[in-house]
Amino acid sequence: EQDAGYFALVRGTNSLQDASQWVALIPFPAEQDVDAWIQQVREAPELTMLGEPSQVTVAGVSGTLLDAGVLPNPENTGGSGIAPGTQVLPSVAQLLKNDSTWVTSTPEARVQFIVLDLGGQRMLLYLEAPAAEFESFRADAEAMLSTLQP
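A few points on the structure. Remember, it's a predicted structure, so these values are computed and weren't measured experimentally.

With that settled, the discussion passes to the overall build of the chain. Looking only at helices and strands, the chain features three helices and seven strands. Of the regular secondary structure in the chain, the N- to C-terminal order runs β-β-α-β-β-β-α-β-β-α. Projecting the C-alpha coordinates of the chain onto the three principal axes gives extents of approximately 40 × 30 × 30 Å. Residues classed as buried in the chain amount to 45% of the 150 residues present.

Shown next as structure tokens:
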């Protein structure tokens, strides 16, 4: 996804036979106010927050975790590689290059946003999977992420 400026590892399948489970790394633009972005995510009408932001460590790097469920979007009938019922996430799209759009891969997905501080460069670690698969997906993602070096 070079044009949009992010790196992703994916697996699983959605209704279009595209990936349904995502681990993506997205750099924050230098001008992006990270605290304002976190507040925007917390207030996003397409999300239901599953608790308060918390501090986490991923591969030795400190970060802020936001855990959310994505509300259904029955008005989205799909098309152009977008599965029906999926939700646009403007808070993620604004971090991408080339006016890209970010859409969940399945309806009512569960997502985690982890804002990492890599010595002054902020990165978003984005995790997404269907809600029923999220816990096992998260465990696999954590095992993979634990092997990374800061």
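Below, the discussion takes up the nonpolar core. One finds Trp-37, Leu-47, Trp-102, Phe-113, Leu-124 and Tyr-126 to be the most contacted residues of the largest nonpolar core, which totals 27 residues. Taken together, the elements giving at least two residues each to this core come down to strand S2 (21-27), helix H1 (34-43), strand S5 (61-70), helix H2 (90-93), strand S6 (109-118) and strand S7 (121-130). Aside from chain neighbours lying at most four places away, what touches Tyr-126 is Trp-22, Val-23, Ala-24, Leu-89, Val-92, Trp-102, Thr-104, Val-111, Gln-112 and Phe-113. Grouped together as the second largest cluster of nonpolar side chains are 14 residues, Val-23, Leu-65, Leu-127 and Phe-137 included.

With that out of the way, let us pick up the environment of Leu-148. Note that Leu-148 resides in the segment after helix H3 (134-145). For the pair formed by Leu-148 and Gly-60, sequence separation is 88 residues and the distance between their alpha carbons is 8.7 Å.

Between its first and last C-alpha atoms H3 spans 16 Å; for twelve residues at 1.5 Å apiece the expected length is 16 Å, and the two agree. Buried-residue contacts for H3 involve strand S1 (7-11), S2, strand S4 (54-58), S6 and S7.

Rules behind the numbers
Residues numbered from 1 in each chain as written. Predicted model: local features only at pLDDT ≥ 70, side-chain atom pairs only at ≥ 80, totals over all residues. Heavy atoms only, no water. Helix = DSSP H or I, 4+ residues; strand = E, 2+ residues; numbered from the N terminus. Buried < 20%, exposed > 50% of the residue type's maximum accessible area, 1.4 Å probe, protein only. Core = buried A, V, L, I, M, F, W, Y, C linked by side-chain atoms within 4.5 Å. Contact = heavy atoms within 4.5 Å. Expected span 1.5 Å × (residues − 1).

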